[in-house]
Amino acid sequence: MFDAMTDTKRRVKLYALNADRQWDDRGTGHVSCTYVERLKGVSLLVRAEADGALLLESKIQHDTVYQKQQDTLIVWSEADNFDLALSFQEKAGCEEIWEKICSVQGKDPTIETTQDIVEESEDERFDDLSDSAPPVELPLCEIGRLKEIKDLFITCMATPLNKDRLAEAIENDGYVRKLVKLFNLCEDLNNLEGLHCLYDIVKNIFLINKNALFEMLFADDIIFDVIGCLEYDPTLPIRKYHRHHLKNVSKFKEVILITNLELLNKIHQTHRVQYIQDVVLPTPSVFEDNMLSALSSFIFFNKVEIVTLIQEDEKFLPDLLGQLQDESTPDSRKLELVQFLKEFCNFSQNLQPPQKEGFFRTLTSLGILPMLEMTLMSEDVNIKQAAIDILTILVEFSPSVIREYILQQSSDTVTQANGSEVELMLMNVIIEQMICDTDPDLGRAVQLMGVIRVLIDPENMLPSLSKVEKTDFLNYFYKHSVQILIAPLLANTVDGEPARDDYQNAQLLAHILELLTFCVEHHSYHIKTCILNKDLLKRVLVLMKSAHKFLVLGALRFMRKIVALKDEFYNRYIMKGCLFGPVIDCLLDNNGRYNLLDSAIIELFEFIKLEDIKILIAHVVENYGKKFEHIDYVQTFKALRIRHSQQTEKLKEKPITSVTVSTGRFRRDPRQIEDEEEIWFNNEDDEFDDGEAVVPHTGMTGSTEITASEQLESIGKSIDKKCEGSSTKIFGTTVKTTPIMNNNLAATPALSSSPEDSKNSSLLKKALVDYEGDSDEEEDENGDLKSPTKRPRYT
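What you see is a predicted model, and the numbers here were worked out from it, not measured in a lab.

Draft legend 1. Representation of the overall build of the protein chain. The secondary structure content of the protein chain amounts to 33 helices and 13 strands. Burial status across the protein chain gives 47% buried among its 795 residues. Residue pairs at least 24 apart in sequence account for 65% of intrachain contacts in the protein chain once pairs closer than 6 positions are excluded. Of the roughly 40800 Å² that the protein chain leaves accessible, carbon and sulfur atoms contribute 49%.

Right, dumping it as structure tokens:
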């Protein structure tokens, strides 16, 4: 009957339910339904896809309940508390195995459960029919009956129905206040036995988990007595004095006068209830999953109400932010205010998204961002840390609001004590505080780095009706802020050696490299210009000489991300600067030690080989082949040499051709680099000057000045377009190309050598170096950076 089942194999994942009620993946394999002689019956067999090992052997029992769910799942219980599931790759496979199971059990395969639902037990039927049962009768609140009361509570807690009836009885009888009076009497008489009973009774009232009972327990006039009951835990050898802490140690500071009594009482209540949940009650792990969920909800809604009441107060928030922005406010007062604002923002996390957005819009309109600029620069570490925490909350919820404010600051200036005017921008303040963090562990720098990363992440930048946020903000960032970010890196790599190599500075540079690596991955055009303008990759690779391996790996990761882009512009830049040299020197200095650095460097060259980046393969083999020819513990470098030899032979076999096109359009050889790139790389003798390049636009009447940023944008568009014409116009000048195949790995366009073309070639190179005048630094005659004139303020 089941012979046809033996060859049925369908791809599935096998899952088993663990003790935490989570599904564990037991492996992927193929399921078949076949007769197993040893089990004397038709069974489900699952063999591993990788090695054929037996993952499951389950006999189909006639009384086992199988369920088909979501068209691709079959679930059943193998034994008590041992549930299994098969997740099929295809719906057809699930249906086929389901039909086999139903055939064994004699069921209709159109059903989704093979057995009828088990009837309710006698106890369950009793519970369903017990609505007419009498309510719980509570004993009189007397010292002599405390043990009876405790035992009744414990008994009622055993079933949900009795728990509900107990809660109803406590609420209707006002039993909480009676217990509180009894507590005061026992404490006056020093009756420890009675106090221990009261602890168990009050704890069980909490575990009933009813909001109505919490309202009674947390009434202002009895809450301290309730906390007092919880001080007498019989399992603890020493009593905890929670009331003393709340009354004398944890004092309420009213930083801004609160005239709303409802708000004031709600703040006091929330603090005490939070203390009960966090400190007084036992750890939640001893309860069931849903125990005390109503207590958490009680605190949650209290916080929401506090935020709402403060927002509705017309004077509270303006007064608070006004004092924080007032320079005459003493630091001690500012600390109290900013810590209150931090806690207030934490409370706002409980709001629903629409209410939360309105809350942050209110804070923004009241000037919270200018206030953060001032507090971030405070000399008081505690004020600064609180400001960072507030900024983190704001950025995580709505980075667009922060970016919008930063863009509005473009023309704002502030006058210093010496009379000079400098731009005060929130973005620059954040970066400066990151690079000037005095914390030995750079805790604040790490937090600010996260803020910067969110702000410059294009993934959370959305186009608006009036502008494209990504374009505007990235233009702003690379024009006004990136030079401050990279200043410590440039200052530390002037002479080809790390100027400072202490641990704290290495940590800072590692964080900067992490941000730059993120930029390489997400900001293709802007970061490319920055790297070429500042010769940034060469400076980064100086850090390969650091004694701190995490910094060396950070520098290597930066280069690896650039190589991964397989960008022709980057590849030519790497070759021109011989930038594989520091990497290979680091590999040789490692001397074959089996560590992360060795593996990371080898992976870089393995990537170049696997992706067949011909221009880099040729460069590495021809320039560094002798250095790594003795490395034989991996086959990567041997494979690079072989690959290069094969490429060279192929090029030799091809005839040399020359194609000159004067008119019309043609399809360029994929190996031919862009004309604009060749101009930049072949004109090595032109001087690099900072400032704006002014180019006369031929073909227009009069003289029109074009800024360097406009030139660069034109180049970028020209490069991206992969110009197909036989003659390319760059800044109004025609550049003719003649692709000539030679022994090099890429065809090189020949440029017309007229004086006009030579002039524009020089200007083109200058335009690539000068990017919107974004550098406040000057270069000396050797090309090294001079001291910055205005920014960055890095010490």
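Text resumes after the structure shown.
Draft legend 2. Structural view of empty space enclosed by the protein. In the structure shown here, the tally under the stated rule is two cavities of 30 Å³ or more. Considering only enclosed or pocket space, the largest cavity measures out at about 40 Å³ in volume. Considering the residues around the largest cavity, the lining is formed by Phe 360, Thr 364, Leu 369, Leu 394, Ser 398, Val 401 and Ile 402. The set of elements that each furnish at least two residues to the lining of the largest cavity consists of α14 (353–365) and α17 (399–408).

Draft legend 3. Structural view of the side chain of His 523. With respect to the element layout, His 523 can be found in the loop between α22 (503–522) and α23 (524–534). In this structure, His 523 is in contact with Ile 456, Pro 458, Leu 474, Tyr 478 and Lys 528, ignoring residues within four places of it in sequence.

Draft legend 4. Broad picture of the pairing of strand β7 (residues 82–88). Buried residues dominate β7, accounting for five of its seven residues. Looking at chain direction, strand β1 (residues 10–17) and β7 are connected through five bridges and run antiparallel. Its bridge partner being in β7, Val 12 is matched across the sheet by Phe 88.

Draft legend 5. Quick look at a negative patch on the surface. Taken together, the side chains of Asp 71, Glu 95, Glu 99 and Glu 112 make up a negatively charged region of the molecular surface. Within the secondary structure, Asp 71 sits in the loop between β5 (66–69) and β6 (73–79). According to the relative accessible area criterion, Asp 71 is partly exposed, its value standing at 39%.

Draft legend 6. Seen up close, the packing of aromatic side chains. Summed over the entire model, instances satisfying the criterion amount to 19 aromatic pairs. Ring centres 5.7 Å apart and planes at 10 degrees place the aromatic pair Phe 214 and Phe 218 in the stacked group. Ring centres 6.5 Å apart and planes at 65 degrees place the aromatic pair Phe 214 and Phe 298 in the edge-to-face group. In this pair, Phe 214 is assigned in helix α7 (residues 211–217) and Phe 298 in helix α11 (residues 293–312), connecting sequence segments 84 residues apart. As far as burial versus exposure is concerned, Phe 214 and Phe 298 are alike and both buried. Joined through ring pairs, the aromatic side chains of Phe 316, Phe 340, Phe 344, Phe 359, Phe 360 and Phe 397 make up one cluster.

Draft legend 7. Inspection of unusual backbone geometry at higher detail. Phi is positive for Lys 566, close to 55 degrees, though the residue is something other than glycine. Note on placement: Lys 566 falls in the loop between α25 (549–564) and α26 (568–576). For Asp 612, which is not a glycine, the phi torsion comes out positive at approximately 55 degrees. When you line up the elements, Asp 612 lands in the loop between α28 (596–610) and α29 (614–624).

So, how was this worked out
Residues numbered from 1 in each chain as written. Predicted model: local features only at pLDDT ≥ 70, side-chain atom pairs only at ≥ 80, totals over all residues. Heavy atoms only, no water. Helix = DSSP H or I, 4+ residues; strand = E, 2+ residues; numbered from the N terminus. Buried < 20%, exposed > 50% of the residue type's maximum accessible area, 1.4 Å probe, protein only. Contact = heavy atoms within 4.5 Å. Areas by Shrake-Rupley, 256 points an atom, 1.4 Å probe, with all protein chains shown as cover. 1 Å grid on protein atoms, 1.4 Å probe; cavity = no way out; pocket = protein on both sides within 12 Å on 5 of 7 lines; lining within 4 Å. Points joined across faces, edges and corners; volume = space filled by probe spheres on them. Pairing = 2+ DSSP bridges. Patch = residues over 30% accessible without salt bridge, like charges linked within 9 Å, V, L, I, M, F, W, Y side chains within 5 Å. Salt bridge = Lys/Arg side-chain N within 4 Å of Asp/Glu carboxyl O. Lys, Arg positive; Asp, Glu negative; His and termini not counted. Charge placed at Lys NZ, Arg CZ, Asp CG, Glu CD. Phe/Tyr/Trp six-rings, centres within 6.5 Å; stacked < 30°, edge-to-face > 60°.

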